[in-house]
Amino acid sequence: MYKFPLIIVSCLMTISCSNKKLETDWQHIYFDNPPPAINLAISEAETIFFEQILVPQKVYVVDSLYIVHQTSEPDNFFIVFDGSFNKIGAFGRKGMGPGEFQSLRYKDQYSYGEDGSIQMWVYDASTFNGYFIDLEKAMHVSDDSFIITKTSLPLFVQTLPEYFFIDSANGIGRSDMYSEGRYFKSSTSELNWFGMFPQLNELVHPENKKLAYHANSSFQDGLLYSAMTFFPRIDVFDPNGIPKLSIIKKTKDNPPNFLDANNPFNQKNKEYYYDMFAGEDNIYALFLGLSRDETRTKSASTVSFLYIFNKNGEIKYNLKLPYLAYGFTIDEKRNKLMLFDWSMEDAVLYIWDLNKSLK
């Protein structure tokens, strides 16, 4: 008598669960060990010395150009070079006047105008404003006419709003984790936090989740890629915060334990991914897998590794870098890897041709 309704209910539950599974479509890829390391020697690299740059932080690939971000009270926050590293301009004057900024930042976000102009999204970490700028105009005009649009960032996102999702123009994101979520998107006039993935609350003191979930991130093809510092995993989300892929490196205790959950940045907790970049073809993640104690005691011989994954999460290459690198740049069009060496008195950029290195 009651079997038929129960069957209907059971079918509906099955369909509901199936739809939910299809909606998230969350794949987990595990790997024990990376492929054998390919050594990158400094002797094999091209070297670039920047006499006019005091403290370069990173080089960015913008269309066919290289743009070096510099700090230490520069005349301009960004120096622009052509594909052969010949200087062709600068932009982002430091100051309080028209077209000037206090602490200008950028993170791999540019698009093209209808006239083919390069439009970069930059933000001022001191004034909490984001800007779309016309790069060509920014290098040649003295007023603020190069600013296409200006966005005032809401109070609770004013810490490090490194991403403006320009492909869909629907949100702003951070490069690291905050207490409620990794990213957020706009919904009408409000901003809503995404949920946290992975859920590792049992390993972390509640007041220190924002440190424990520290991650480096990249945005490509409408997806958000995040490689975590204190857990050996890379997560991929769609713009609505739904996880699509997790790439997890197995360790002796997986997930790893914090030796001091109240202080994730202590000297004994292992740090895994320092930086990452999601390109059109691959996912690149800078891996260490040592604690700060270990890097200090082994400083003379400490190296780092660049893992290269395909977009399905399968690891393809493992590049052994000749020193402890804290950041890197990939030029996929020219297939080049670039690393700054801050250990020298003058910053040096090393460039490896991956066409030769990966043969």
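Moving on: the overall build of the chain. Counting secondary structure elements, the chain contains 5 helices and 27 strands. Evaluated residue by residue, the chain yields a buried proportion of 51% over its 359 residues.

Let us look at the confidence of the model for the chain. Close inspection of predicted coordinates is inappropriate for parts of the model with low pLDDT. For the chain, per-residue confidence averages 77 on the pLDDT scale, and 69% of positions sit at 70 or higher. Overall, residues 1-22 carries pLDDT values under 50, and its contacts beyond four positions in sequence, including any with other chains, amount to 0 contacts. With pLDDT under 50 throughout, residues 183-197 is counted as low confidence; its partners more than four residues away or in other chains account for 58 contacts.

This part takes up the sheet that holds strand 5 (residues 65-71). Ordered by their spatial adjacency, 5 strands build an open sheet running 4-5-6-7-8, and the pairing between neighbours is mixed. Every other strand in the sheet has two partners, leaving strand 4 (55-62) and strand 8 (100-101) as the edge strands with one partner each. Inspection of the sheet shows strand 5 paired to strand 6 (residues 76-81) by 4 bridges, in the antiparallel sense. Paired with H69 across the strands is F78, a residue of strand 6.

This part takes up unusual backbone geometry. It is generally the case that most residues other than glycine have a negative phi and that most peptide bonds are trans. Positive phi values are uncommon outside glycine, yet D63 reaches one of about 60 degrees. Mapped onto the elements of the fold, D63 is located in the loop between strand 4 and strand 5. For F85, which is not glycine, the phi torsion reads 65 degrees and is therefore positive. Residue position: F85 is located in the loop between strand 6 and strand 7 (87-94).

Conventions adopted
- Residues numbered from 1 in each chain as written.
- Predicted model: local features only at pLDDT ≥ 70, side-chain atom pairs only at ≥ 80, totals over all residues.
- Heavy atoms only, no water.
- Helix = DSSP H or I, 4+ residues; strand = E, 2+ residues; numbered from the N terminus.
- Buried < 20%, exposed > 50% of the residue type's maximum accessible area, 1.4 Å probe, protein only.
- pLDDT = per-residue confidence, 0-100.
- Contact = heavy atoms within 4.5 Å.
- Pairing = 2+ DSSP bridges.

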